[in-house]
Every structure is written in C-alpha cells, then in structure tokens.
Amino acid sequence: MQSSILVGVNGPAVWVRVEGKGNFLNSGNLKEFAQEMVNRGYREFVFDLKHCAMMDSTFMGTMAAVALRLKELGQGHLHVVHCGERSRELLSGLGLDQIFDIHSNGATAPKCQEMKEKAAGAVADVQKKERTETMLEAHEALCEAAPENLSRFKDVLDYLKQDLHQTTARK
C-alpha cells in the first residue's frame, strides 16, 4: 500500500491528509513539517483521516506532540476529522481524545495553498538515528498525554533509549 501525507494551508489552518498508513516511516518528516508550521505562527492543525488505513503508536505520538506543543504555547488546537471507528478506538485507547478534537465527519480539506514542503514522499527518508529519536519523542508524548500509557510503552521506551545510546556510542 502506497502511503503519503499531503499538507497545505487554508487561512490560519494547517491541513494534513493521511493517505494510507501513518507510521514511523513518515512520522519524522511530519514532525519537522509541524514544527516549521508552528514556528511560522500556525496554531490550528486539522488531520483528515478519511483515507488513513492505519496508524502506529509513533504516528499517534507525533500527533500528540503537536497537540502538546500547542497546549504549551497556550493557544491552538489539533482537530481530527473523518475519523473512523477503528482510528477513534486507537486514539481514545491512548487517551488522546483528551487532547484532540475528534470528529467522525467534518469538512473536507479545502482548496489549500499547496506547500512546497511535503511531509513524506519526495523528501529522502530520515536517517536511523533521527527515526529512533522521533520514535522515542513520540512515545514520550503519548506518556505525557496520558500517564497510564507509561506501562504500555515502558519496554518500547527502554529499547529506543538503549538503541540511541548504542548508536551514539559508536560514533
């Protein structure tokens, strides 16, 4: 299955449309894109999951990190539209319904000013260390969003920290 993340802006809102899978492979580029948009002053993010086949914990943690950053800034929201039942179960199961506005329907992505950046696809894949850092940050965000997630992801966090330590020690 081909996966991509399409992005654009419409007025004050950043739109992110997930086509296929939202996973650890495209989370690093999404993280960089979202950081840049926040740095440019955007505070409203809309994730359209209409064509999202699945999301892994790294991708959901990356979404959580965006929402937590907006909360830290004291302004802005992350909205999820066209969220199917399975995606809602995944997000709610991690407590993310407490920090996202989740809607099963919603406006379709408007005609957006196309961005030159792409969150995934045309940009070369991030290096292993950067991917591991992104995965670690995403899982830490899941635990910050809902502390009960710590027991779910303790082993993942330990593994990623150890992997980063080994990667750094080799250099």
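Everything discussed here concerns the structure shown above.
Residues numbered from 1 in each chain as written. Predicted model: local features only at pLDDT ≥ 70, side-chain atom pairs only at ≥ 80, totals over all residues. Heavy atoms only, no water.

**Notes on helix α2 (residues 57–73)**
In an α-helix there are 3.6 residues to a turn, and that puts residues three or four apart on one side.
Here is step 1: When the terminal C-alpha atoms of α2 are compared, their 24 Å separation across 17 residues agrees well with the 24 Å that a helix rising 1.5 Å per residue should span.
Here is step 2: Along α2, the residues classified as buried are Thr58, Phe59, Met60, Gly61, Thr62, Met63, Ala64, Val66, Ala67, Leu68 and Leu70.
Here is step 3: By the N-cap criterion, in which a side-chain oxygen at the helix start approaches the backbone nitrogen of a residue two or three places on, α2 is capped by Asp56, the distance to Thr58 being 3.2 Å.
Here is step 4: Directly beyond the C-terminal end of α2, a positive phi value near 80 degrees is found at Gly74. (Helix = DSSP H or I, 4+ residues; strand = E, 2+ residues; numbered from the N terminus. Expected span 1.5 Å × (residues − 1). Buried < 20%, exposed > 50% of the residue type's maximum accessible area, 1.4 Å probe, protein only. Polar contact = N/O pair within 3.5 Å; in protein donor to acceptor, adjacent residues only side chain to side chain.)

**Some thoughts on the nonpolar core**
Here is step 1: Ranked by internal contacts, the top residues of the largest apolar core, which has 43 residues, are Phe45, Phe47, Leu78, Val80, Leu91, Leu96 and Phe100.
Here is step 2: With eight residues, the top contributor of residues to this core is α2.
Here is step 3: Setting aside anything within four residues of it in sequence, one finds Leu78 in contact with Phe45, Phe47, Met63, Val66, Ala67, Leu70, Phe100 and Asp101. (Core = buried A, V, L, I, M, F, W, Y, C linked by side-chain atoms within 4.5 Å. Contact = heavy atoms within 4.5 Å.)

**Here we look at the environment of Val46**
Here is step 1: Along the chain, Val46 falls in strand β3 (residues 44–48).
Here is step 2: As a C-alpha pair, Val46 and Val14 span 32 residues in sequence and 6.1 Å in three-dimensional space.
Here is step 3: Ignoring anything within four residues of it in the chain, the contact list for Val46 reads Val14, Trp15, Val16, His79 and Val81.

**Let's talk about the state of the cysteines**
Here is step 1: All chains considered together, the criterion is met by zero disulfides.
Here is step 2: Just so you know, Cys52 is unpaired, no disulfide at all, and the nearest cysteine sulfur is the one on Cys83, 8.6 Å from it.
Here is step 3: Relative accessible area serves as the criterion here: at 3%, Cys83 is assigned to the buried category. (Disulfide = S-S within 2.5 Å.)

**Notes on the packing of helix α1 (residues 24–39) against α2**
Here is step 1: Relative orientation of the contacting elements α1 and α2 amounts to 15 degrees, with a least axis distance of 8 Å. Our classification of the angle between α1 and α2 gives roughly parallel. Remark: the crossing between α1 and α2 carries right-handed chirality. Seen from α1, the contacting residues are Phe24, Asn26, Ser27, Leu30, Lys31, Ala34 and Val38; seen from α2, they are Thr58, Phe59, Thr62, Val66, Arg69, Leu70 and Leu73. (Axes fitted to C-alpha atoms, helices over the stretch in contact; angles between N-to-C directions. Parallel < 35°, antiparallel > 145°, perpendicular 65-115°, else oblique. Left-handed = near helix turned anticlockwise from the far one by under 90°.)

**A look at the side chain of Ser87**
Here is step 1: Locating Ser87 in the fold gives a position in helix α3 (residues 85–93).
Here is step 2: When sequence neighbours within four positions are dropped, the list of residues in contact with Ser87 reads Leu49 and Met55.

**Quick notes on the packing of α2 against helix α4 (residues 128–145)**
The description of two helices packed together rests on the angle between their axes and the distance between the axes.
Here is step 1: For the pair α2 and α4, the least separation of the axes is 7 Å and the interaxial angle reads 65 degrees. In the packing of α2 onto α4, the handedness of the crossing is left-handed. Where α2 abuts α4, its residues Ser57, Thr58, Met60, Gly61, Thr62, Ala64, Ala65 and Leu68 lie against Thr134, Met135, Ala138, His139, Ala141, Leu142, Glu144 and Ala145.
Here is step 2: Residue composition of the contact of α2 with α4, grouped by class: nine nonpolar, six polar and one charged. (Nonpolar A, V, L, I, M, F, W, Y, C, P; charged D, E, K, R; others polar.)

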